[in-house]
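Overview (structure and organization)
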Amino acid sequence: MAQSIGSRDSAWWAAYWTNFLGEAPLWYKWTIIGFLAVNPVLYLLVDPYIAGWVLVLQFIFTLAMALKCYPLQPGGLLAIEALALGMTSPEHVYHEVDVNLKVILLLVFMVAGIFFMKELLLFTFTKLLVHIRSKTLLSVLFCFVAAVLSAFLDALTVTAVVISVAVGFYGVYHRIASGGVHLDADVPELHREDLDQFRAFLRNLVMHAAVGTALGGVTTIVGEPQNILIADKMGWEFMEFFYRMAPVTMPVLAVGLVTCLLLERVKWFGYGATIPPAVLAVLQEYDSEESTKRTRRENARLVVQAIAAAFLVVALARHVAEVGLIGLSIIVLQTAFNGIVEEHRLGRAFEEALPFTALLCVFFAIVAVISDQGLFQPVIDYVLTLPASQQPGVFYIANGVLSMISDNVFVATVYIGEVERAFNAGVINRDQFDLLAVAINTGTNIPSVATPNGQAAFLFLLTSSLAPLIRLSYGRMVIMAVPYTFTMGITGWIFVTWGL
């Protein structure tokens, strides 16, 4: 009987252990448990300051390991423990969420609003893919169009559209090439070389487009979540934010596009793959059939989406309302005039944004710990002792390196808050505050293309259903990002240091 009870208890513990962090690796689960066990000891028996820094490093670890486990769960456990230990208070966390409500509204409503514009975006990228013969021109256009769209829409959503286009075309050709069978082993030998080359071609395009989302995302308050946070603290509206960033972002945009062109010419770092003629013929026939089958109602939806896109650009440029509320109006206009009135169809639009919105609130809990424990104060104090002319460049590098290994939203949230406190304390004047805000925004957005951890759009691409289809691994993504990281990162540093 005792043995039966013991085995039953073992089964229950095994079930709980399996459920804890789900499919995350065993070593990862033990690491998080170790974090949770050591923090009370450090905080209560060693030094709260050291415990605070260890917590920040632990949280950065969860961001860096996002491919093993989404950071919301382990990061949230660390935040809850910090609250329980008294490293910060629920009131302070709520205050951080409250003052950053504009960012939360942006994520919730703008991303959902662009979700209903996907047909138009898919239509645009599809026409580019099947009608432009020059691979170099096509690559530059993918990069440029992604940049423009990300500047006015949202980098994550634009990346989602590019993924949808690539998955769709891969599926069409693969289905035909395999005679209706989807397994690689069943692809006839005649088509295998074409399929491998097509994978390389798609890898090129999606990486160029992903970099494009970073190039455009840094330029406006809606391109990346942290941009509106920075703009809010600085009191900058849409056009002022654009003008403030332009001395850095426009040269970086030019260098990024030139880098794209050169990579296709020299064929380094895995670029330069062309689409096989047999594949192109299949895709062109497919596009022609889809265009023929498109109904008047579908064309009407495209027109409504185009009008909504034009309204969005004008509304953002004239700052007719807060960005999140403009996104809400885009949802209302498109759903009302395109007949989307069922609750379950509306709900799908919010699925992409809400997990990251929840994670952002966990960010704010960690930011509250950083503030209450004064963790970044010595670093900020040291940087502010440097000559004023050196401070923007140092901030750019510091933010860039941290963004590569963690997450650019988290880094920007921390640093802009610390610099704001320095300004409020009279340590720096308004002009220097403006320069440092530009350095923080560009530093977190440009060098962060180095790894999938740095940019949400890159991480989304790596964890998408497309990545295994086109053989886009973490390592390959880092290698393909290397030339962009150096050319764009160095250009950004030069213009932050000497161009502002």
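Let us look at the structure shown here. Keep in mind it's a predicted model, so treat the numbers as computed, not measured. (Residues numbered from 1 in each chain as written. Predicted model: local features only at pLDDT ≥ 70, side-chain atom pairs only at ≥ 80, totals over all residues. Heavy atoms only, no water.)

This brings us to the overall build of the protein chain. Across its full length, the protein chain holds 24 helices and zero strands. A compact globule built from 500 residues would reach a C-alpha radius of gyration of about 23 Å, and the protein chain, at 24 Å, matches this within 12%. Projecting the C-alpha coordinates of the protein chain onto the three principal axes gives extents of approximately 75 × 70 × 50 Å. Across the 500 residues of the protein chain, 53% fall into the buried class. Long-range contacts, defined as pairs at least 24 residues apart, comprise 78% of the intrachain contacts of the protein chain with a sequence gap of at least 6. (Helix = DSSP H or I, 4+ residues; strand = E, 2+ residues; numbered from the N terminus. Rg over C-alpha atoms; globule rule 2.2 N^0.38 Å. Buried < 20%, exposed > 50% of the residue type's maximum accessible area, 1.4 Å probe, protein only. Contact = heavy atoms within 4.5 Å.)

Helix H17 (residues 354–373) packs onto helix H5 (residues 90–99) with a crossing angle of 120 degrees between their chain directions and a minimal axis gap of 8 Å. Looking at the two axes, H5 sits oblique to H17. Remark: the crossing between H5 and H17 carries right-handed chirality. Listed contacts from H17 to His92, Val93, Glu96 and Val97 of H5 are Cys361, Phe364, Ala365, Val367, Ala368, Ser371 and Asp372. Looking at side-chain class alone, the contact of H5 with H17 contains seven nonpolar, two polar and two charged residues. (Axes fitted to C-alpha atoms, helices over the stretch in contact; angles between N-to-C directions. Parallel < 35°, antiparallel > 145°, perpendicular 65-115°, else oblique. Left-handed = near helix turned anticlockwise from the far one by under 90°. Nonpolar A, V, L, I, M, F, W, Y, C, P; charged D, E, K, R; others polar.)

Unlike most non-glycine residues, lysine 267 shows phi in positive territory, near 60 degrees. Mapped onto the elements, lysine 267 comes out in the loop between helix H12 (238–266) and helix H13 (277–293). For lysine 267, a relative accessible area of 48% gives the class partly exposed.

Tallied over the full model, the rule gives zero disulfides. Among the cysteines around cysteine 69, which has no disulfide bond, cysteine 361 carries the closest sulfur, lying 18 Å off. The class of cysteine 69 is buried, set by a relative accessible area of 10%. A disulfide-free cysteine, cysteine 260 has its sulfur positioned 4.9 Å from the sulfur of cysteine 143, the nearest such atom. (Disulfide = S-S within 2.5 Å.)

So, about the packing of aromatic side chains. With the rule as written, the count across this model stands at 13 aromatic pairs. For the ring pair tryptophan 236 and phenylalanine 241, a centre distance of 6.2 Å and an interplane angle of 65 degrees mean the geometry is edge-to-face. Note on phenylalanine 241: relative accessible area 0%, which makes it buried. Seen in terms of ring centroids, tryptophan 493 and tryptophan 498 are 5.3 Å apart; in terms of plane orientation they differ by 80 degrees. Their pairing is edge-to-face. For tryptophan 493, a relative accessible area of 29% translates into the label partly exposed. Residue classification places tryptophan 498 among the exposed residues on the basis of a relative accessible area of 61%. Ring-pair connections join several aromatic residues into one group, and the members of that group are Trp27, Tyr28, Phe35 and Phe61. (Phe/Tyr/Trp six-rings, centres within 6.5 Å; stacked < 30°, edge-to-face > 60°.)

Grouped together as the largest cluster of nonpolar side chains are 157 residues, with contacts concentrated most on Phe125, Phe198, Phe363, Phe395, Phe410 and Leu461. If sequence neighbours within four positions are ignored, phenylalanine 410 has contacts with Val56, Phe59, Ile60, Leu63, Phe363, Ile366 and Ile370. (Core = buried A, V, L, I, M, F, W, Y, C linked by side-chain atoms within 4.5 Å.)

Our next topic: the layout of surface pockets. Of the volumes computed, that of the largest pocket is approximately 480 Å³. Counting residues per element, the ones that place at least two in the lining of the largest pocket are helix H7 (118–131), helix H9 (155–177), H13 and helix H14 (296–318). Residue classes in the lining of the largest pocket are distributed as six nonpolar, four polar and eight charged. In this model, the second largest pocket occupies a volume close to 330 Å³. Taken together, the elements giving at least two residues each to the lining of the second largest pocket come down to H17 and helix H22 (456–462). Broken down by class, the residue content of the lining of the second largest pocket amounts to 11 nonpolar, three polar and three charged. (1 Å grid on protein atoms, 1.4 Å probe; cavity = no way out; pocket = protein on both sides within 12 Å on 5 of 7 lines; lining within 4 Å. Points joined across faces, edges and corners; volume = space filled by probe spheres on them.)

Note that every value here comes from positions in space, so none of it alone points to a role or purpose.
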